[in-house]
Amino acid sequence: MNERGGTILVTGGCGFIGTHLCHALVNAGQRVRVLDNLSSGKASGIPDSAELIVGDVADANAVAEAMSDADGIVHLAAIASVERCNTDWVTSHRTNLTGTLTVMEAARDAAERALPIVWASSAAIYGAARTLPIAERTSPAPMSPYGADKLGGELHGRAAAEIFGVSNTALRFFNVYGPGQDPYSPYSGVISIFAEKLAKGDGVTINGDGQQTRDFVYVGDVVRALIASLDRLLRRRRLEQDATFDAINVCTGRAVTVAMLAETLRDLTGSAGQIDYGPPRDGDIRDSVGDAARMQRLLSIRAETRLEEGLRALVEAGQDVAAQTG
Ligand code: NAD
Ligand code: UD1
């Protein structure tokens, strides 16, 4: 059942994942308001009917204004690059933890019964977990300021539910990919880098032996997880159930080697680009694959897009852009 009646506020709605979410919500007939400071996102990406407030997620007044007459919140605004957070430690902390708290406090105060929040945590909270697949009960051990702030958000998220009655769900995204991820940023993920280079006929370099694994989850599946989580919290609110905090992996449960990824992308692009092997990346995590059981149990969904299907959508979207611009 669709639980969404009024307006949904999406922070960070102009970013990679946010843009996909806003389109999905609007296509489902939903009113959408976006709060984004446009630091990495683009205003042109969101649907025409979405209302945009340009503002900072750590600014309590801007957040309160953005929440007026909202029914629920999806909080995605963040400095999403781990490396940028290493460089801008305190600045990124302000967005990534203070921003999350600001959203939680405003949600507490926005209505008589606090507004529910679904928000983006990250697999980065696990660090280099030793037991695979990584289930949510794994002790968190973030290895970066970015991961530490996401974990801090989760600790406050539990307090927000317990003390302030703010229901919130932290979705621990694994490596998200799909059309719209900037391949030119120095912080780009391996899929957007490889897809862009191979499509141009350039070679790619695998760091190390290529046998390291990741759990690559398609952005369309991430959007379904966000919407299912939101509907779950809105339903609980309508039924006047107690406030709840949950942390849920958003992953496929499938491990893909970087070497396999490069081969698949080369086949899909029909590229003559060469696949080279370089030295391993310092501090690279060897294996990361999530356990998707809780997502299936609580949200009744699976990240069902197969890697080849998701990569094909990414490559085709890139070809469309190239045809329009070239
Ligand atoms: P993105 O950088 O494309 O989007 C983030 C958006 O937040 C941008 O539009 C940016 O302008 C906005 N923003 C940044 N700081 C802000 C501030 N202070 N106030 C208001 N808006 C601000 O990143 P994304 O890949 O779409 O990630 C969305 C969320 O998912 C983030 O919270 C990120 O940490 C999380 N996440 C992403 C991945 C992934 O693989 N992409 C993995 C794990 C978690
Ligand atoms: C992600 C973050 C990273 C963070 C880590 C820990 C991104 C883009 N990266 O890294 O900053 O430290 O989570 O949570 O969000 N690779 C190549 N060749 C390339 C690029 C990458 O072989 O040109 C390899 C990497 O060495 C790695 C794998 O591809 O083994 C995936 O890399 P990446 O996409 O950066 O993601 P994470 O390593 O998961």
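How each quantity is defined
- Note on numbering: residues in each chain are counted from 1, in written sequence order.
- Here the convention is simple: chains get letters from A, ligands get numbers from 1, in the order in which they are written.
- Only residues with pLDDT of 70 or above have their local features reported here, since the model is predicted, and side-chain atom pairs are shown and tallied only from 80 upward, although totals for entire chains, interfaces and linings are computed over all residues.
- Side-chain metrics rest on all non-hydrogen atoms present in the structure, leaving aside hydrogens and water.
- Think of it this way: any DSSP run of H or I at least four residues long counts as a helix, any run of E at least two long counts as a strand, and we number them from the N terminus.
- Here, expected helix span is obtained from the residue count minus one, scaled by 1.5 Å.
- Whether a residue is buried, partly exposed or exposed follows from its accessible area with a 1.4 Å probe, protein chains only, as a fraction of its type maximum: under 20%, in between, or over 50%, in that order.
- When checking whether two residues touch, look at their non-hydrogen atoms; a contact exists if any pair is within 4.5 Å.
- Residue ranges assigned to the domains are those given by an automatic or database domain assignment.
- Once two parts are put together, the accessible area they lose, assessed with a 1.4 Å probe and summed over both, is termed the buried area.
- We define a salt bridge as a side-chain nitrogen of Lys or Arg found within 4 Å of a carboxyl oxygen belonging to Asp or Glu.
- As used in this structure description, the phrase polar contact means that two N or O atoms lie within 3.5 Å; if the pair is within protein, one of them must be able to donate a hydrogen and the other to accept it, and residues adjacent in sequence are counted only when both atoms belong to side chains.
- Classes in brief: Ala, Val, Leu, Ile, Met, Phe, Trp, Tyr, Cys and Pro nonpolar; Asp, Glu, Lys and Arg charged; the others, Gly included, polar.

## Quick look at helix H1 (residues 16–27)
Next up, step 1: For H1, spanning 12 residues, the distance from its first C-alpha to its last is 17 Å, which sits close to the expected 16 Å at 1.5 Å a residue.
Next up, step 2: Of all the residues in H1, the buried ones are Phe-16, Ile-17, Gly-18, Thr-19, Leu-21, Cys-22, Leu-25 and Val-26.
Next up, step 3: Contacts made by the buried residues of H1 are with strand E1 (7–11), strand E2 (31–36), strand E4 (70–75), strand E6 (168–173), strand E7 (175–177) and helix H7 (219–238).

## Side note on the domain arrangement of the protein
Next up, step 1: Once the domains are mapped, the protein shows domain 1 (7–176 + 216–250) and domain 2 (181–214 + 254–288 + 306–325).
Next up, step 2: Each of domain 1 and domain 2 has a C-alpha centre, and the two are 27 Å apart.
Next up, step 3: With 14 residues of domain 1 at the contact, the number on the domain 2 side is 13 residues.
Next up, step 4: Counting the surface lost from both domain 1 and domain 2, the interface buries some 1200 Å², and carbon and sulfur atoms represent 71% of this.
Next up, step 5: Three residues, Phe-16, Phe-216 and Tyr-218, lead the burial of domain 1 against domain 2; their summed loss comes to 48% of the area buried on that side.
Next up, step 6: At the surface where domain 1 touches domain 2, the tally comes to 0 salt bridges.
Next up, step 7: In this structure, the connection of domain 1 to domain 2 is made through 1 residue pair in polar contact (both at pLDDT 80 or more).
Next up, step 8: Residue assignment for the side of domain 1 that touches domain 2 shows that the elements contributing at least two residues are helix H3 (82–87), E7 and strand E10 (216–218).
Next up, step 9: Among the residues making up the side of domain 1 that touches domain 2, the classes are represented as 9 nonpolar, 3 polar and 2 charged.

## Side note on the pattern of salt bridges
Next up, step 1: A complete count under the given rule lists 16 salt bridges for this structure.
Next up, step 2: Taking the shortest distance from any N to any O, the salt bridge between Asp-246 and Arg-232 comes out at 3.2 Å. Here the residue Asp-246 occupies a position in strand E11 (residues 245–250), and Arg-232 occupies one in helix H7, the gap between them amounting to 14 residues.
Next up, step 3: Under the relative-accessibility criterion, Asp-246 is labelled buried at 15%.
Next up, step 4: Residues joined by salt bridges that share partners form a network here, namely Arg-33, Glu-51 and Asp-69.

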